[in-house]
Amino acid sequence: MPKDGGIGASPKRREDIRFLTGEGVYTDDIQLQGQCFAYFVRSTVAHGTIGTIDTAATEAMPGVLAVFTGEDFKDVGGNPAGWLINSRDGTPMREPKRPVLAHGKVRHVGDAYAAVIAETYAQAKDAAEQLAADSEIEDLPAIVDMAAAVANADNRVHDEIPDNLCFDWGWVEDNRAAVDEAIKNAPHVTTLELVNNRLVPNAMEPRASIGEYFPGTGDYKLTTTSQNPHLHRLLISAFVMGIPENKLTVVAPDVGGGFGSKIYHYGEEALVLAAAKKLKRPVRWTAERSESFLTDAHGRDHVTKIELACEEDGTFIAFRTETLANVGAYLSNFATATPTFLHGTLMAGPYKVPNVYVNLKTVFTNTAPVDAYRGAGRPEATYSLERVIDKMCRELELDPFEVRRKNFITPDMFPYTTPVGLVYDTGDYNATLDKAMEMADVDGFEDRRAESAARGKLRGMGLSTWIEACGIAPSNLVGVLGSRVGLYDAATVRVNATGNISVMTGAHSHGQGHETVFPQIVAEKLGIDPASVEIVHGDTSKIPFGMGSYGSRSLAVAGSAMNNAVDKIIAKGKKIAAHMLEASEDDITFEDGNFAVAGTDKSLSFGEVAFSAYVPHNYPLETLEPGLEETSFYDPGNFTYPAGAYLCEVEVCPETGKVDVVAFYCADDFGNVMNPLIVEGQVHGGVGQGIGQALCEQTTYDADGQLLSASYMDYAMPRADDVPFYQVDYSCNTPCTHNPLGVKGCGEAGAIGSPPAVINAVVDALNSGGFTHITHIDMPVTPSRVWTAMQAQ
Amino acid sequence: MYNFDFVRPSTLAEAVIALAGDEAQPLAGGQTLLPSMKQRLNMPGTLVSLTGIADLKGVSGEAGASVTIGAATTHAQVAAEAGAFYPALADLAARIGDPAVRNRGTIGGSLANNDPSACYPAAVLASGATITTNKREIAADDFFDGMFATVLEEGEIITSVTFPIPQAAAYAKFLQPASRFALTGAFVARFEGGVRVAITGASEGGVFRWSDAESVLSNSFSGDALAGKLPAAEGMISDLHGSAAYRAHLCGVMTRRAVAAAG
């Protein structure tokens, strides 16, 4: 058995050696014979009518090979939304086409309405500048504020949508009347209005694409920054360009972070393919950082009113929310799922609240499209809930720990059906809360607060007990809910003749460490050295059809497929071994990498059986095919439900309003843990992003729709000195009941659970410091905002 | 970035001639000019690098009297070498930007650019330094002329800056969370004849002397003496990082912190 490389071990990530030594191969690293460069002409106004685009001068410029405008793509299919959501009245959502290049109107700053292909990047950029000068764009009033967008029927992002509303969704609509009644009659109702701030994803590697066309065969190849190459292929083939799937290869090589923003198919990808065909040359494009700010799908951007009805002792009676969710100018591929089935369904939290109703209006604005970003809907749900609970505790002077315990779903209640449509399979929320309180030394907090006060700082503690639904998703369930795709994944385990193994997976690693952790699982099950297992991912010509990596699904879904494929390998190996050992298949055992006849000393190593499968001289050829390669498609039976308790301590400077996160404790239940080192890294990264959202990340459009925070001069990313040394625990695990590995997913947890813990701590610090008028401050709690709130007294 | 010509003269005289050319622009450390060129917001025909002129570099001085910094001296060199003469100035230089910025950026470039959030203008103005150019000597009080503006004329090159050494001084700044420039910074310098206070980052007019604070501190050099004193919020910068009122408030906080640090 692998002693230090199997399940539960923490080998260092094998892929990091190439990343850290500059040997990774990202899209922009790939140089091709005959390549040429695309540059996009992007709108500088948020909303405008496209008039004449005079391409003559541009086409005459040095090095220019081709010019494309929206006209060239007006007849091809639109980039679709992946989920159909119906409004409360049963009507389907409004679904404007998202074109490859804007046609008729530009709808946000950065919206590409033309592209220039030239011999060099500089020539393409020069020519694009000329084309911009020769393009007539007539300004229209920008639609930026969501409430104003819905109220103003005359000013429309899409001319055919009068109120800028994509849909008005109720979840669960049947709960509405009962929740209204419960809130009306409740002994106490706490109301909180809050903003879940828009975030720019800021993957370290900007988006990049290379289109190739092979005239001899009519094949296309797209190399692109994707979290899910098969999904890209499907979207391009079935919806946008009509290239048959078997004539299009999509390759996502090393990808430097995605956080959701690289799930989606973007127009630039279609353009480089179309241009490659036209020119019969490779056409490449790499975003400049400014383009990333303006055009990567942003995250969050909800404005919510939440009401919590409870007894005087804090027992929950009902929750009700009204939310405006921004989708920006166009529907990105999962833009309609994120605020609905990844958000409304989580609005019961880990609590046995009797009833919940969520109303959500999704609004078009002249801003960059908004879609799933690490956590995707679940951070918004968690933030609303954990903030309003904290506010209620303050109003009723109740202990926030005890209120959570009083309302937790307890282990004896599983499987537990929530009022918002999910069935939680397992969990132990008191256990993670106990653990977090122990780690954080809650009893010693008042001493620490006094010590901070002696240094002139206001110290506060904030709690968040979060739950999420990930490992997405059961295809039949999501189909009922409007998904237009299935959400299984697949793995092929190919045992080579010499006994080493290639595993082809539909999951895609863009920072998660799959190349390390997946071999641990295969090696553990086969009793072999993990170093003999290689992971192949990111190339539709090599891997089985899989749905990629997002929604903390890689391990729970693709990992389960891998597990099941290995089981098939073992089953076939037993048949081969039975023949070779002249024993009955039923008597063959497989343990520690050896096939043996039970009760005897007769055995064969895994390698011997593998060799026999490929050199079948002594082999049951009449009943068994040679070779040792198995594929499994795995469709999960349910979501997985990671949960946990986060405790945050902050110090607020009363002079400047600056917030320092001085301690952060995470007690998580991720089910079984495959590689603790990677799990800790995922939690660190997620909490870092959550602290960034809470403290500093501020995406600001002005009234004209100009992005004011469009560079790192104004968009504050969290830095090492903004985050504390995290304390992370994952020992309170209740294994998932419905996947073979018992795993739940850890990739988004930190970003989901942490923001309310930070804000609750800030409100606690300010209240304890005498600023008792402060019940809430919207994220990000910049020094200026905190100071301004303190002045309002 | 557009194409441009690049020259790197080794004497001031050559640089002056090169700068007389059409569309020529001087390049010091390039910490502002190069990013703006990359964004095609600036398009010089010729860049005249000043970093090859040995005469423009170095730190020299007389203990207790003055220190002179060559205009093309990097922040890192000032941080390393000016401390013997003027610790508060070296401390300021050591906290500009990050190591890459400090190894490229120069004091002359910073002053000629007069970014309203830059650190050096506060030190120069609070110290009552003298800016020497290829044409003349300019008192700090006369040099700065509003946001991104100075009294430098076309073709005029800063050659050095001479700081008188105060009895006590310190710089305190509050960082803008994204750029980590000074959202508001205060440089306080106590001389025998009185205290000078310069504020950067806060005002729409760029760096300025906070005269009310100067009179208070000249009478009593203590933070407590400043209690309740604030400059007017009118005319302060208001943006997504802070309102005008917040910046006015930070003027008080940072000045008190600088006084405390000066001791």
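Numbers given to residues run from 1 along each chain, matching the order in which its sequence is written. All chains are assigned letters beginning with A, and all ligands numbers beginning with 1, in the order in which they are written. Under the rules for a predicted model, residues below a pLDDT of 70 receive no local features and side-chain atom pairs below 80 are neither given nor counted, while totals for whole chains, interfaces and linings still include all residues. As a rule here, side-chain values come from all non-hydrogen atoms in the structure, and water together with hydrogens is ignored.

Novice: So, the overall build of chain A: which residues are in play, and what are the values?
Specialist: Helix and strand definitions here come from DSSP, where helices need a minimum of 4 consecutive H or I residues and strands a minimum of 2 consecutive E residues; each element is numbered from the N-terminal end. A count of helical and extended segments in chain A gives 19 helices and 28 strands. Dimensions along the principal axes, computed over C-alpha positions, put chain A at roughly 85 × 75 × 55 Å. Burial here depends on accessible area, computed with a 1.4 Å probe over protein chains only, as a share of the maximum for the residue type. Under 20% is buried, over 50% is exposed, and the range in between is partly exposed. Scored against the burial criterion, the 793 residues of chain A give a buried share of 63%. By sequence separation, contacts in chain A at least 24 residues apart represent 80% of the contacts at least 6 residues apart. We get accessible surface area from the Shrake-Rupley algorithm with a probe of 1.4 Å; when it comes to residues, only the shown protein chains can shield them. Element-wise, carbon and sulfur atoms account for 51% of the exposed surface of chain A, whose accessible area totals about 26,900 Å². Under the convention used here, Asp and Glu are negative, Lys and Arg are positive, and both His and the chain ends fall outside the count. Taken as the charge centre is NZ of Lys, CZ of Arg, CG of Asp or CD of Glu, depending on the residue. Charge centroids of chain A, computed over 62 positive and 104 negative side chains, lie 2 Å from each other. In this description, contact between two residues means that some pair of their heavy atoms is separated by no more than 4.5 Å.

Novice: Just give me the short version of the sheet that holds strand S1 (residues 36-42) of chain A, but keep the residues and values in it.
Specialist: All names here are of chain A. Strands sit in the order S3-S5-S1-S12-S9-S10-S11 across an open sheet of seven strands; the sheet is mixed. Because the sheet does not close on itself, it has two edges, and the strands there are strand S3 (64-69) and strand S11 (248-251). Between one strand axis and the next, the sheet turns through 20° on average, direction left out of account. When DSSP finds two or more bridges between two strands, those strands count as paired. As defined by bridge partners, strand S9 (residues 208-214) adjoins strand S12 (residues 283-286) across four bridges and the pair is classed as antiparallel. Simply put, an axis is a line fit to the C-alpha atoms, just over the touching stretch for a helix, and the angle between two N-to-C directions goes from 0 to 180 degrees.

Novice: Provide a residue-level description of the interface of chain A and chain B, including the pertinent values.
Specialist: Chain A puts 24 residues into the contact, and the matching count from chain B is 23 residues. Take a side-chain nitrogen of Lys or Arg and a carboxyl oxygen of Asp or Glu: if they are within 4 Å of each other, that pair is a salt bridge. Run the count over chain A and chain B and you get six salt bridges. We call two N or O atoms a polar contact when they sit within 3.5 Å, provided that within protein one can donate a hydrogen and the other can accept it, with sequence-adjacent residues counted only if both atoms are side-chain atoms. On the surface where chain A and chain B come into contact, there are 14 residue pairs in polar contact (both at pLDDT 80 or more). Ranked by the residues each element gives to the side of chain A that touches chain B, the list is headed by helix H3 (residues 121-133) of chain A, at four residues.

Novice: Please give an account of the UniProt feature "domain: FAD-binding PCMH-type" (unreviewed entry) in chain B that cites residues and values.
Specialist: UniProt positions are given in the numbering used here, feature names are shortened, and annotations may be inferred rather than shown by experiment. Mapped onto this structure's residue numbering, the UniProt feature "domain: FAD-binding PCMH-type" (unreviewed entry) falls at residues 1-168 of chain B. Taken end to end, residues 1-168 of chain B is 32% helix and 21% strand, and its first and last C-alpha atoms sit 45 Å apart.

Novice: How would you explain the nonpolar core if you had to name every residue and give the values?
Specialist: All names here are of chain A. Nonpolar cores are built from buried Ala, Val, Leu, Ile, Met, Phe, Trp, Tyr and Cys residues. Side-chain atoms within 4.5 Å join them into one set. Within the largest apolar cluster, 161 residues are counted, with the highest numbers of intra-cluster contacts made by Tyr424, Phe664 and Leu766. Sorting elements by how many residues they give to this core places helix H18 (residues 749-768) first, with ten residues. Once residues lying within four places of it in the same chain are set aside, the contact partners of Leu766 are Leu458, Val652, Phe771, Ile774, Ile777, Val786 and Met790. Membership of the second largest hydrophobic core comes to 45 residues, among which are Val493, Leu526, Ile528 and Val609.

Novice: Help me get a handle on the packing of aromatic side chains, residues and values and all.
Specialist: Any two aromatic rings considered together are summarised by their centre-to-centre distance and by the angle between their planes. Only Phe, Tyr and Trp rings take part, Trp by its six-membered ring, and two of them pair if their centres are within 6.5 Å. Stacked means planes under 30 degrees apart, edge-to-face means over 60, and tilted covers everything else. Using the criterion set out here, one finds 33 aromatic pairs over all chains in the structure. Between the aromatic rings of Phe40 of chain A and Trp285 of chain A, the centroid separation amounts to 5.6 Å while the plane-to-plane angle is 85°, which identifies the pairing as edge-to-face. Within this pair, whereas Phe40 of chain A is found in strand S1, its partner Trp285 of chain A is found in strand S12, the two being separated by 245 residues in sequence. For Phe40 of chain A, a relative accessible area of 3% gives the class buried. For Trp285 of chain A, a relative accessible area of 2% puts it in the buried group. Note on Trp787 of chain A and Tyr246 of chain B: the rings are 5.3 Å apart at their centroids and 50° apart in plane angle, and the pair reads as tilted. Taken together, the residues Trp787 of chain A in helix H19 (residues 783-791) and Tyr246 of chain B in helix H10 (residues 244-262) connect one chain to another. The same class applies to Trp787 of chain A and to Tyr246 of chain B, which are both buried. Joined through ring pairs, the aromatic side chains of Phe316, Phe319, Tyr351, Phe408, Phe414 and Tyr429 of chain A make up one cluster.

Novice: Would you mind going over the domain arrangement of chain B in detail, with residue names and values included?
Specialist: Residue and element names in this part refer to chain B. Examined at the domain level, chain B breaks down into domain 1 (5-49), domain 2 (56-164) and domain 3 (168-262). On a C-alpha basis, the centroid separation for the pair domain 2 and domain 3 is 19 Å. Domain 2 puts 24 residues into the contact, and the matching count from domain 3 is 22 residues. When two parts are brought into contact, each loses some accessible area as probed by a 1.4 Å sphere; the total of that loss over both is the buried area. Interface of domain 2 and domain 3: buried area, both sides summed, is about 1,800 Å²; carbon and sulfur atoms make up 62% of it. Taking the shortest distance from any N to any O, the salt bridge between Asp141 and Arg196 comes out at 3.1 Å. On the surface where domain 2 and domain 3 come into contact, there are ten residue pairs in polar contact (both at pLDDT 80 or more). Here the bounds of each domain stem from an automatic or database domain assignment.

Novice: Can you tell me about the state of the cysteines, naming the residues and giving the values?
Specialist: The disulfide criterion used throughout: a pair of cysteine sulfur atoms within 2.5 Å. The full count for this structure, using the stated rule, is zero disulfides over all chains. This cysteine, Cys666 of chain A, is not joined by any disulfide, and Cys648 of chain A carries the nearest cysteine sulfur, 9.5 Å off.

Novice: Can you lay out the side chain of Ser452 of chain A for me, pointing to particular residues and giving the numbers?
Specialist: All names here are of chain A. Along the polypeptide, Ser452 turns up in helix H12 (residues 445-454). Of the polar contacts made by the side chain of Ser452, one reaches the side chain of Glu651; its length is 2.7 Å. If we ignore the near neighbours within four places in the chain, the residues touching Ser452 are Lys457, Arg459 and Glu651.

Novice: Tell me about the pattern of salt bridges, and name the residues and values.
Specialist: Residues and elements named next belong to chain A. One pass over the full model with this rule turns up 63 salt bridges over all chains. For the salt bridge of Glu515 with Arg18, the shortest nitrogen-to-oxygen distance reads 2.8 Å. Of this pair, Glu515 sits in helix H14 (residues 514-526) while Arg18 sits in helix H1 (residues 16-20), and the two are 497 residues apart along the sequence. As a salt-bridge pair, Arg233 and Glu245 come within 3.3 Å of each other at their nearest N and O atoms. Placement of the pair is Arg233 in helix H6 (residues 229-240) and Glu245 in the loop between H6 and S11, with a sequence separation of twelve residues. Given the relative accessible area of 12%, Arg233 is considered buried.

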